[in-house]
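Single-letter residue listing:
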Amino acid sequence: MNKIRTKLLVYFVAILVLMIALFFIQHQNSQRIIDLHNQRLDKYFLLNEITQQTDQTYQSLQIYVNETTEENHQYFQENHREFKRLQHRFDSTATHSVDNQNYMNLLSSFIDLMNNTTDAVDAENIDQSSHYYNEAGTTASYIHEKTLELINNELTAYEKIVSLENQRMQNIRNMSTAVFLSVILLSILFALWFSNGITRTINKLTNAAKEIATGNYQIKDIFVSRKDELRLLTDTFNQMKFNVVEAIREMKEKARLNQLLKEMELQSLQNQMNPHFLFNTLNTISKTAYIEGAEQTNELISSTSKLLRYNIGNLDKETYLKDEVNVVNEYFFIQQTRFGDRVSFRQYIDQQCLSISMPRLTLQPLVENAFIHGIENMAASGEIRLNIYQKQQTIMIEIIDNGKGMSQEKVNRLLGDGQSADGTQQKRGHSTGIGLRNVIDRLYLFDSRSTVAIESRVGVGTKITIQLPR
């Protein structure tokens, strides 16, 4: 993740390096002109020294020729050595051009003529010494002229070079000015872009926080393309919003479940009005019917007694699946007694699944709902099936009817707000007074991994599937 501070540091370092590079280029070019100027001055001074030393050496030769003494000879030799030193210095610094080569030849000729003159003087050959001396004077004049010519040529070339260097320096200055102005412009644009990126993200966060403060938690998550601290801030804000929404949802769910428990407690109290009197009365009727030989009446009253005894039990207590299946069998025995062959009840039950725990009064309300809203009004061939089997680590419970079915809208409403299959609230005419929403809530309260699904088609039937983790 690129931090904001890192971005700023990289930007300022890049600007600093660019400025240093421009300064270095200008400094190098200025230094080049200075070095070129110094080289030219050194050459001018050298040529001037050569000219002066030529005159001085020639004068010392003249003195020695006119008065041949050891002292004059010593004086000549000193000037002679100094002249040769300047010649060697010129040879080492001068470029290899025709003019410089001719100038070097003149210097060498001057040295040779001076040597020949001193040799002739030492040999006391007056004619030769006079000839060489005059030739040396002529050569000294040529050296003067050639020196002036070289200086003029150097000045001319120097003016051209200086003009080119000045033009180059001007171009560099223009380029530096353009780069400097570009850097200023880019810096302004970068500052605007960078600050807008920060303020835009902060404005998004501020507006979202205001919406949340008003109670609107349905705003979209904030997304930024940056990869810095602001990205981390927005991700944290989105996670915080999600956590708040989840906390509110859980609070609402807990409040709804608490309300459900209170309603079930009230309902349980209402259903427990003197149950012993009711059971004793039913048992008395059952025994009377048995004594009189009315076995079917006895069985019917016995099933009704068992059904009522189970229904008015404490809903908070858990039971086993086998007990739920037994009470469903009692319920359907009563319904088959009423409707005869118009209805049938089929079961496929894996006995190994019946030992699982589950909330009390789970299956009967669903079977009763399938009967009343599915097959009760059918003239014949009404059927309800109960399938219980294991699928991997889940117990599957299916309640299937071939009744009138319902639309998907009614299915959604049934799962969403506890309405019955016909679109109205569950009526107290049901034996339990418990609707599908109540069953789903108690299943979820019993084990949050439990699920209830409904598949239905109008005119075909309905299938309710319960999944209980084993």
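Preceding this paragraph is the structure being described.
We now turn to the structure provided with this report. (Residues numbered from 1 in each chain as written. Predicted model: local features only at pLDDT ≥ 70, side-chain atom pairs only at ≥ 80, totals over all residues. Heavy atoms only, no water.)

## Regarding the sheet that holds strand β5 (residues 394-401)
Strand order in the open sheet made by the five strands is β2-β4-β5-β7-β6, with mixed pairing throughout. The sheet is open, and its two edges are formed by β2 (343-349) and β6 (451-457), each paired on a single side. The average undirected angle you get between the axes of adjacent strands in this sheet is 10°. Taken together, the seven bridges between β2 and strand β4 (residues 382-391) define a ladder with parallel strand orientation. Bridge pairing in β4 links Y348 to N387. Packed onto the sheet, helix α8 (residues 321-339) meets β2, β4 and β5 and runs at close to 160° relative to β2. Against the sheet, helix α9 (residues 363-375) makes contact with β2, β4, β5 and β7 (461-469), and its axis sits at roughly 25° relative to β5, the strand it touches most. (Pairing = 2+ DSSP bridges. Helix = DSSP H or I, 4+ residues; strand = E, 2+ residues; numbered from the N terminus. Axes fitted to C-alpha atoms, helices over the stretch in contact; angles between N-to-C directions. Contact = heavy atoms within 4.5 Å.)

## As for the nonpolar core
Counting residues in each nonpolar core, the largest one holds 38 residues, and the members touching the most others are L321, I388 and I397. Each residue touching I397, except ones within four places of it in the same chain, is listed here: L321, M358, L363, L386, N387, I388, I464, T465, I466 and L468. Counting 23 residues, the second largest nonpolar core, distinct from the first, contains L61, M104, A140 and I143. (Core = buried A, V, L, I, M, F, W, Y, C linked by side-chain atoms within 4.5 Å. Buried < 20%, exposed > 50% of the residue type's maximum accessible area, 1.4 Å probe, protein only.)

## Some points on the packing of helix α2 (residues 70-93) against helix α3 (residues 98-122)
A pair of packed helices is characterised by two quantities: the angle between their axes and the separation of those axes. Where α2 contacts α3, the axes come no closer than 11 Å and their chain directions differ by 160°. When the interaxial angle is binned, α2 and α3 end up roughly antiparallel. When the axes of α2 and α3 are compared, the crossing they make is left-handed. Each of F76, H80, F83, K84, Q87, F90 and D91 in α2 lies in contact with α3, whose residues at this interface are N100, Y103, M104, L107, S108, F110, I111, M114, N115 and T118. By residue class, the composition of the contact of α2 with α3 is nine nonpolar, six polar and two charged. (Parallel < 35°, antiparallel > 145°, perpendicular 65-115°, else oblique. Left-handed = near helix turned anticlockwise from the far one by under 90°. Nonpolar A, V, L, I, M, F, W, Y, C, P; charged D, E, K, R; others polar.)

## Concerning the environment of Q62
Inspection of the secondary structure assignment puts Q62 in helix α1 (residues 4-66). Under the relative-accessibility criterion, Q62 is labelled partly exposed at 33%. The spacing of Q62 and M114 is 52 residues in sequence and 9.9 Å in space, taken between C-alpha atoms. Side chain to side chain, Q62 and Y133 meet in a polar contact 3.4 Å long. (Polar contact = N/O pair within 3.5 Å; in protein donor to acceptor, adjacent residues only side chain to side chain.)

## Topic: the packing of aromatic side chains
Under the definition given, this model contains eight aromatic pairs. Ring geometry for Y58 versus Y133: centroids 5.0 Å apart, planes at 10°, classification stacked. On the criterion of sequence distance, the pair formed by Y58 in helix α1 and Y133 in helix α4 (residues 126-213) is long-range, its members being 75 residues apart. A relative accessible area of 18% means that Y58 is categorised as buried. The interplanar angle of 15° and the centroid separation of 6.5 Å between the aromatic rings of Y64 and F76 together place this pair among those described as stacked. Taken as a pair, Y64 in helix α1 and F76 in helix α2 lie far apart in primary sequence, 12 residues in all. Taken individually, Y64 and F76 each receive the classification buried, so the pair is uniform in this respect. (Phe/Tyr/Trp six-rings, centres within 6.5 Å; stacked < 30°, edge-to-face > 60°.)

## Quick notes on a nonpolar patch on the surface
On the surface, a nonpolar cluster with roughly 770 Å² of combined accessible area is contributed by F180, L181, I184, L185, L186, I188, L189 and L192. With respect to the helices and strands, the residue I184 is situated in helix α4. Relative accessible area serves as the criterion here: at 36%, I184 is assigned to the partly exposed category. (Patch = residues over 30% accessible without salt bridge, like charges linked within 9 Å, V, L, I, M, F, W, Y side chains within 5 Å. Areas by Shrake-Rupley, 256 points an atom, 1.4 Å probe, with all protein chains shown as cover. Salt bridge = Lys/Arg side-chain N within 4 Å of Asp/Glu carboxyl O.)

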